[in-house]
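Structure at a glance
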Amino acid sequence: AQSVAQPEDQVNVAEGNPLTVKCTYSVSGNPYLFWYVQYPNRGLQFLLKYITGDNLVKGSYGFEAEFNKSQTSFHLKKPSALVSDSALYFCASPAGTGANNLFFGTGTRLTVIP
Amino acid sequence: EAGVAQSPRYKIIEKRQSVAFWCNPISGHATLYWYQQILGQGPKLLIQFQNNGVVDDSQLPKDRFSAERLKGVDSTLKIQPAKLEDSAVYLCASSLGRTGGGGEQFFGPGTRLTVL
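All of the points below concern the structure found in this document. (Residues numbered from 1 in each chain as written. Chains lettered and ligands numbered in written order. Predicted model: local features only at pLDDT ≥ 70, side-chain atom pairs only at ≥ 80, totals over all residues. Heavy atoms only, no water.)

Notes on the sheet that holds strand 8 (residues 75–79) of chain B
All names here are of chain B. Read across the open sheet, the 4 strands follow the order 1-3-8-7; overall the sheet is antiparallel. Looking along the sheet, the strands with just one partner apiece sit at the ends: strand 1 (5–7) and strand 7 (65–68). Adjacent strand axes in the sheet meet at a mean angle of 15°, parallel and antiparallel pairs treated alike. Bridging between strand 7 and strand 8 involves 4 bridges; their strand directions are antiparallel. Note that in strand 8 the partner of Ser-66 across the bridge is Lys-78. (Pairing = 2+ DSSP bridges. Helix = DSSP H or I, 4+ residues; strand = E, 2+ residues; numbered from the N terminus. Axes fitted to C-alpha atoms, helices over the stretch in contact; angles between N-to-C directions.)

Structure (structure tokens):
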């Protein structure tokens, strides 16, 4: 089965500090991995994806993610957090090989403290 | 480019009543998804359409939920009768093709359903 896991329900970080939101995956073959962000009362917005190639993927709003095959991780990072980054972050992968629908993690609430 | 549209944004009903949600995907997107997001959880797929055909409805509670996508564009999701545990945000998403092929999904703002 293809799945992702987010081990942290909540992450707090001071404004200006680097942030990391963790995701681990259990995917056979070459994984496709996504990060989405959900702001209050809004739908999910695509941030970035890993398909193949460079292990460091750059996405929207200054976010990046590092694919680590040995640790089966795909952590989301940003060098300097903004208060406006406070939101709910979801890691996701296709639910099966070649599947269209996404399997989402349980989400991590990021709070950036001014 | 217009995004995925959903209506209504909020709905409050009593248990055993029926409710319907509407979704208009991004123009040209062949694949449409309905997800259910219960508070504190990640979205879970209810049903997936490819054009006007159902690709996956394995997690749709078919005794009370139904969905259709006439003409391969707009879609409606219906619940009849609603139960308390149906309280959730219902998200519609669309994509050009297969997410399994690396394509991202685009989500609407969702409909927040409260069943009393």
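Considering the environment of Phe103(A)
All names here are of chain A. Inspection of the secondary structure puts Phe-103 in strand 11 (residues 102–104). Given a relative accessible area of 34%, Phe-103 falls into the partly exposed group. Measuring from C-alpha to C-alpha, the distance between Phe-103 and Ala-5 comes to 9.9 Å, with 98 residues separating the pair along the chain. (Buried < 20%, exposed > 50% of the residue type's maximum accessible area, 1.4 Å probe, protein only.)

Here we look at unusual backbone geometry
For the bond from Ser7(B) to Pro8(B), the omega torsion is -10°, close enough to zero to count as cis. Residue Pro81(B) is bonded to the preceding Gln80(B) through a cis peptide linkage, with omega at -5°. As for its placement among the helices and strands, Pro81(B) is situated in the loop between strand 8 and strand 9 (88–95). Look at Tyr61(A): it is not a glycine, yet its phi comes out positive at around 60°. With respect to the helices, strands and loops of the structure, Tyr61(A) is situated in the loop between strand 7 (56–58) and strand 8 (64–68). Residues other than glycine seldom take positive phi values, yet Lys71(B) does so here, at roughly 60°. Mapped onto the secondary structure, Lys71(B) falls in the loop between strand 7 and strand 8.

Notes on the interface of chain B and chain A
Facing the 28 residues of chain B at the interface are 22 residues of chain A. Here chain B packs against chain A, burying approximately 1,800 Å² in sum over the two surfaces, 50% of which is carbon and sulfur. In this structure, the connection of chain B to chain A is made through 1 salt bridge. For the pair chain B and chain A, the number of links is 4 residue pairs in polar contact (both at pLDDT 80 or more). Looking at the side of chain B that touches chain A element by element, the count peaks at 4 residues for strand 4 (residues 31–37) of chain B. (Contact = heavy atoms within 4.5 Å. Buried area = accessible area lost by both parts, 1.4 Å probe. Salt bridge = Lys/Arg side-chain N within 4 Å of Asp/Glu carboxyl O. Polar contact = N/O pair within 3.5 Å; in protein donor to acceptor, adjacent residues only side chain to side chain.)

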